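Letter by letter, the chains look like this.
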Amino acid sequence: VDAASYMLRVVGKDQPCSVVLRAAGHAEKLARLDLAPACAGLFDRLVEARFWLEDREGDILFVADDGRTVAQFFPGDGVAYKSVKPSRPLMMLTAK
């Protein structure tokens, strides 16, 4: 991942926020995660997310510095990734 942009939406909230991936230099499936400040207003624990990791099943994990998974998304309908963890609020990621 060199750089990629996504929109993060939360069901019940009007405004999405921007998520940008930047090369982390560690592994092919790992990227540094840049979340727009508005993301914290959608789900407060997102401020802890520092990395984007794609697992073997194709799920996307937002990971904190200490290795904890802050959020997990699965490839839902082929257009958007949908959150599995946490179960609430329901979040969706779509490519810009």
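Draft legend 1. How the structure looks around the state of the cysteines. In this structure the tally under the stated criterion is one disulfide. Here Cys 17 engages in a disulfide with Cys 39; their sulfurs sit 1.9 Å apart. The sign of the S-S torsion, about 100°, decides the handedness of the disulfide formed by Cys 17 and Cys 39: right-handed. With Cys 17 in strand β2 (residues 17-23) and Cys 39 in helix α1 (residues 38-42), this pair connects stretches of sequence that are 22 residues apart. The burial state of Cys 17 is the same as that of Cys 39; both residues are buried.

Draft legend 2. Geometry of the packing of aromatic side chains. Inspection of every chain in the model, using the stated rule, returns three aromatic pairs. Between the aromatic rings of Tyr 6 and Trp 52, the centroid separation amounts to 4.9 Å while the plane-to-plane angle is 35°, which identifies the pairing as tilted. Here the residue Tyr 6 occupies a position in strand β1 (residues 3-10), and Trp 52 occupies one in strand β4 (residues 49-54), the gap between them amounting to 46 residues. With respect to class, Tyr 6 is no different from Trp 52; both count as buried. Ring geometry for Phe 62 against Phe 73: centres 5.0 Å apart, planes inclined by 55°, an arrangement best described as tilted. Pair noted here: Phe 62 is in strand β5 (residues 60-64) and Phe 73 is in strand β6 (residues 69-75), with a separation of 11 residues, a long-range link. When sorted by exposure, Phe 62 lands in the same class as Phe 73, which is buried. An aromatic cluster of three or more residues is present, and its members are Tyr 6, Trp 52, Phe 62 and Phe 73.

Draft legend 3. Representation of the pairing of β4 in the model. Of the strand pairs in this sheet, strand β3 (residues 30-35) and β4 are connected by three bridges, and their pairing is antiparallel. Following the sheet pairing, Leu 30 is matched in β4 by Leu 53. Pairing between β4 and β5: five bridges, direction antiparallel. Counterpart to Ala 49 in the pairing with β5 is Ala 64. Turn length for the β4-β5 hairpin, with the two strands adjacent in sequence and antiparallel, is five residues, and the turn residue Gly 58 shows positive phi of about 90°.

Draft legend 4. Just the environment of Asp 65, in detail. Relative to the helices and strands, Asp 65 resides in the loop between β5 and β6. Classification of Asp 65 by relative accessible area gives exposed; the value is 58%. Residues Asp 65 and Arg 50, spaced 15 residues apart in sequence, show a C-alpha to C-alpha distance of 6.1 Å. With sequence-adjacent residues up to four places away left out, Asp 65 is seen in contact with Glu 48, Arg 50 and Phe 51.

Reading the values: the criteria
Residues numbered from 1 in each chain as written. Predicted model: local features only at pLDDT ≥ 70, side-chain atom pairs only at ≥ 80, totals over all residues. Heavy atoms only, no water. Disulfide = S-S within 2.5 Å. Helix = DSSP H or I, 4+ residues; strand = E, 2+ residues; numbered from the N terminus. Buried < 20%, exposed > 50% of the residue type's maximum accessible area, 1.4 Å probe, protein only. Phe/Tyr/Trp six-rings, centres within 6.5 Å; stacked < 30°, edge-to-face > 60°. Pairing = 2+ DSSP bridges. Contact = heavy atoms within 4.5 Å.

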